[in-house]
Amino acid sequence: MTRRARPLPPPFSDRPFSTAEARAAGVSPSRLRGRDLERPTRGVRVVRPVAPRPIAAETASHSERLADLREDLVRRAREVAPAVTPAQFFSHSTGLALLGAPLPFRRDGAHPLHLSVRRPAPQPRRTGVVGHRLQDRPGGRWIADGLPIDHPARLWRQAAGGWDVDDIIAAGDFLICPRHRLITLDDLWDEVRVVGDVSGRKLHRALDEIRAGAETAEETRLRLAITRAGLPEPALNHDLRTDAGRFVARLDLAYPRYRVGVEHDGRVHAFDEKQFARDADRWDDIRREGWTHVRILSHHLRPDPARAVQKVAEALLAAGWRGHGV
């Protein structure tokens, strides 16, 4: 008969904890070796979940898979957090994930966990962590989700070295989005001016296409596909109102001159009938204002955005656009 492990004191039953604080609270060394505890890194324990952590289904959308990767990275950061010293902070893509920024999709597995210090502190060295010893710079320490991170503009540059330009743009769009109120486009430019670009001048190339207003990575992808195909640059998250000023809808991308609104819908299945009904009524409201509503689904945008571009181009041409200008 297997003996059940003695319950842990309440502070340690629902969060990661250091072995030092547990010992100070009277938890015995043998209890800390219990099979019900996971060891995310040296000197840290967390209660093993009863059910396995969910993995994105094969039918999940690209956005859902990205969210799953980000949530996994945030979970691992929280588990390592009890071992983080006052001189250490989360950096690179880990810091961006803690802010809620979109990360690139990785087919080769989870994103690595990045932990940094500034000179002359020693480089972090522990299992499950990529440690960095960065040049000494004044200020910059932020708190995100209760954990220490570097300044968002520094995180953006740190992560860029291993990312594609479009992923750098998506993260930049998130950081300067007025809704998030984190930093400005000038902050990103200042970081490049002070520290320099990365290989391939990727930051300069990204900065030319970063825009304030996009609220999701898929909105950014859609905008880039449209503008790179030669279509006019859209307004982002445009508030559509009646002539009397009544709010009708907030459109992901909009062409007020042509009364064309474009929205990305990342749902794989319309499983919520009430929500789908509300959306359908909203689409009717948009059309009643004399606007053409273009709904872009995931399969229009990925793996090839040509169909998404075609749908937007057809709507603009029907509204009077002649293939040039705005």
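Presented here is a report on the structure given in the accompanying data block.

The rules behind the values
Residues numbered from 1 in each chain as written. Predicted model: local features only at pLDDT ≥ 70, side-chain atom pairs only at ≥ 80, totals over all residues. Heavy atoms only, no water. Helix = DSSP H or I, 4+ residues; strand = E, 2+ residues; numbered from the N terminus. Buried < 20%, exposed > 50% of the residue type's maximum accessible area, 1.4 Å probe, protein only. Contact = heavy atoms within 4.5 Å. Areas by Shrake-Rupley, 256 points an atom, 1.4 Å probe, with all protein chains shown as cover. Lys, Arg positive; Asp, Glu negative; His and termini not counted. Charge placed at Lys NZ, Arg CZ, Asp CG, Glu CD. Phe/Tyr/Trp six-rings, centres within 6.5 Å; stacked < 30°, edge-to-face > 60°. Pairing = 2+ DSSP bridges. Salt bridge = Lys/Arg side-chain N within 4 Å of Asp/Glu carboxyl O. Axes fitted to C-alpha atoms, helices over the stretch in contact; angles between N-to-C directions. Parallel < 35°, antiparallel > 145°, perpendicular 65-115°, else oblique. Left-handed = near helix turned anticlockwise from the far one by under 90°.

## Examining the overall build of the chain
The secondary structure content of the chain amounts to 13 helices and twelve strands. Counting only residues that meet the buried cut, the chain has 46% of its 326 residues in that class. Sequence-distant contacts, at least 24 apart, represent 57% of the contacts inside the chain between residues at least 6 apart. Surface accessibility of the chain: about 17,500 Å² in total, with carbon and sulfur atoms responsible for 51%. Across the chain, the centroid of the 55 positively charged side chains sits 8 Å from that of the 43 negatively charged ones.

## Considering the packing of aromatic side chains
Going through the model one piece at a time under the given rule, you end up with one aromatic pair. Here Phe12 and Phe17 contribute two aromatic rings whose centre-to-centre distance is 4.9 Å and whose plane-to-plane angle is 45°, an arrangement assigned as tilted. By relative accessible area, Phe12 is classed as buried at 4%. Overall, Phe17 belongs to the buried group, its relative accessible area being 0%.

## A short note on the sheet that holds strand β1 (residues 17–18)
Reading across the sheet, the three strands line up as β1-β3-β2 and stay open at both edges, with antiparallel pairing between neighbours. The two strands at the open ends of the sheet, each matched to only one other strand, are β1 and β2 (37–38). For β2 and strand β3 (residues 44–47), the ladder comprises two bridges, and the chain directions are antiparallel. The residue of β3 that forms the bridge with Glu38 is Val46.

## Some remarks on the pattern of salt bridges
Pairs can form between side chains of opposite charge whenever their charged atoms are close. On inspection of all chains with the given rule, the structure shows 23 salt bridges. Put simply, Arg118 and Asp150 hold a salt bridge, and the shortest N to O gap is 2.6 Å. Of the two residues, Arg118 sits in strand β5 (residues 114–118) while Asp150 sits in the loop between β8 (147–149) and α6 (152–160), which places them 32 residues apart along the sequence. Here Arg118 falls in the buried class, since its relative accessible area comes to 13%. A residue is classified by how much of its surface remains accessible, and Asp150, at 2% relative accessible area, is buried. Here Glu215 ties to Arg179 by a salt bridge, and the two come within 2.7 Å at their closest N and O atoms. With a gap of 36 residues between them, Glu215 in the loop between α9 (202–207) and α10 (217–228) and Arg179 in the loop between α7 (165–176) and α8 (185–195) connect regions that are remote in the sequence. You can call Arg179 exposed: its relative accessible area is 59%.

## Brief notes about the sheet that holds strand β11 (residues 260–265)
If you trace the four strands from one edge of the open sheet to the other, you get β9-β10-β11-β12, paired in mixed fashion. Two strands close off the open sheet at either side, each with one partner strand: β9 (235–241) and β12 (292–297). Each strand of the sheet is rotated relative to its neighbour by a mean of 45°, with strand direction disregarded. As paired strands, β11 and β12 are joined by six bridges and run parallel to one another. Residue Gly261 lies in a different strand from β12, and its bridge partner there is His293. Lying over the sheet, α10 contacts β9, β10 (247–255), β11 and β12, oriented at roughly 50° with respect to β10. Here helix α13 (residues 306–318) sits on the sheet in contact with β10, β11 and β12, set at roughly 175° to β12.

## Structural notes on the packing of α7 against α10
α10 packs onto α7 with a crossing angle of 120° between their chain directions and a minimal axis gap of 9 Å. Considered as vectors, α7 and α10 are oriented oblique to each other. The crossing of α7 and α10 is right-handed. On the side of α7, the interface is formed by Asp166, Asp167, Ile169, Ala170 and Asp173, while α10 contributes Ala217, Thr220, Arg221, Arg223, Leu224 and Arg228.

## Quick notes on the pairing of β5
The buried count for β5 comes to five of five residues, which makes it a mostly enclosed element. Alternating residues of β5 divide into His114, Ser116 and Arg118 and Leu115 and Val117, and every residue in both groups is buried. By the bridge criterion, two bridges tie strand β4 (residues 89–90) to β5 in an arrangement that is antiparallel. Each bridged residue has a counterpart across the sheet, and for Phe90 the counterpart in β5 is Leu115. Sheet topology places β5 next to strand β6 (residues 130–134); five bridges connect them, and they run parallel. Bridge pairing in β6 places Arg118 opposite Leu134.

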